[in-house]
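Geometric and topological summary
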Amino acid sequence: MGHRTDMLCFIVRAWRKYPLLGLSQVLAMLIAVPAFISTVSFLKAVSPQQAMHSMYGHPMPAEWSAGVWNHDHYYRWCFIAEHPALFWISVVLLVMAILFLWASILWMIGENRKI
C-alpha cells in the first residue's frame, strides 16, 4: 500500500509543480488511445469473405470492404492498402505519444530525485 501511496503523491506533486506537463501528458494519452485502436484495427481488418471463414462465423455486410471483429459484431473499417496515409498517421501519432509519455515520466522522476 505504501508504494502506491508514494507513487500517487509523486504524481500529484509533479503535476502541481509542472501543470503544463501534466496537461500535456493527459493530452498525449487522449491521442495515444485512439491511435492505438486505429492502428490495431488496420492490422486486424478482414474482408467479408474472410469473415465468413473466420472462427467467429458471423457474416459482415457484403458492401463493406473490411471490418474488425469486436464484442460479438463487426465494425466497419478499411484495409491499409485502401488508406495507407491514415494508417501511417495512426502509427506516427501512437509512437510520438508513447515517446512523449516515456520521456516526460523519466524527466519527472529525475526532477523528483533532485528534491
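Residues numbered from 1 in each chain as written. Predicted model: local features only at pLDDT ≥ 70, side-chain atom pairs only at ≥ 80, totals over all residues. Heavy atoms only, no water.

This paragraph deals with the packing of aromatic side chains. Tallied over the entire structure, the rule returns 6 aromatic pairs. Look at Phe42 and Trp77: their rings are 5.4 Å apart centre to centre, the planes differ by 75°, and that puts the pair in the edge-to-face class. Here Trp77 lies in strand S2 (residues 73-77) and Phe42 lies in helix H2 (residues 19-44), a separation of 35 residues in the sequence. When the ring of Phe42 is compared with that of Phe87, the centres are 5.6 Å apart and the planes differ by 80°; the resulting orientation is edge-to-face. Of the two residues, Phe42 is situated in helix H2 and Phe87 in helix H4 (residues 84-114); the sequence distance between them amounts to 45 residues. (Phe/Tyr/Trp six-rings, centres within 6.5 Å; stacked < 30°, edge-to-face > 60°. Helix = DSSP H or I, 4+ residues; strand = E, 2+ residues; numbered from the N terminus.)

This next bit is on unusual backbone geometry. Glycine aside, residues mostly have negative phi, and peptide bonds are mostly found in the trans state. One non-glycine residue, His71, lies in positive phi territory at about 50°. Residue placement: His71 occurs in the loop between strand S1 (66-70) and S2. Under the relative-accessibility criterion, His71 is labelled exposed at 68%. The phi dihedral of Asp72 is positive, around 70°, even though this residue is not glycine. Along the chain, Asp72 turns up in the loop between S1 and S2. (Buried < 20%, exposed > 50% of the residue type's maximum accessible area, 1.4 Å probe, protein only.)

Grouped together as the largest cluster of nonpolar side chains are 6 residues: Ala28, Ala32, Ala35, Leu94, Ala97 and Leu101. Other than its neighbours up to four places away in sequence, Ala35 contacts Ser90, Leu93 and Leu94. (Core = buried A, V, L, I, M, F, W, Y, C linked by side-chain atoms within 4.5 Å. Contact = heavy atoms within 4.5 Å.)

Any region with low pLDDT has predicted coordinates that should not be read closely. Model confidence for the chain is summarised by a mean pLDDT of 88, while 92% of its residues fall at 70 or above. Per-element confidence in the chain is highest for H2, whose mean pLDDT is 96, and lowest for helix H1 (residues 2-17), whose mean pLDDT is 78. (pLDDT = per-residue confidence, 0-100.)

By secondary structure assignment, the location of Met29 is in helix H2. A sequence separation of 72 residues divides Met29 from Leu101, and the C-alpha atoms of the two residues are 8.0 Å apart. Setting aside residues no more than four positions away along its own chain, Met29 makes contact with Pro34 and Leu101.

Bringing a nonpolar patch on the surface into the picture now. Judged by side-chain polarity, Met7, Ile11, Trp15, Leu20, Leu23, Val26, Leu27 and Leu30 come together as a nonpolar surface patch covering roughly 740 Å² of accessible area. Looking at the nonpolar patch, the elements with two or more residues in it are H1 and H2. The dominant element in the nonpolar patch, judged by the number of residues it contributes, is H2, at 5 residues. (Patch = residues over 30% accessible without salt bridge, like charges linked within 9 Å, V, L, I, M, F, W, Y side chains within 5 Å. Areas by Shrake-Rupley, 256 points an atom, 1.4 Å probe, with all protein chains shown as cover. Salt bridge = Lys/Arg side-chain N within 4 Å of Asp/Glu carboxyl O.)

Once that is clear, we can look at the side chain of Ser90. Tracing the backbone through its elements, the reader meets Ser90 in helix H4. A relative accessible area of 8% means that Ser90 is categorised as buried. What Ser90 contacts, discounting residues up to four positions off in sequence, is Ala35, Ser38, Thr39 and Phe42.

Here the focus is the pairing of S1. Sheet topology places S1 next to S2; 5 bridges connect them, and they run antiparallel. Bridge pairing in S2 places Trp69 opposite Tyr74. A loop of 2 residues connects S1 with S2, the two strands running antiparallel in sequence, and His71 in this loop sits at a positive phi of about 50°. (Pairing = 2+ DSSP bridges.)

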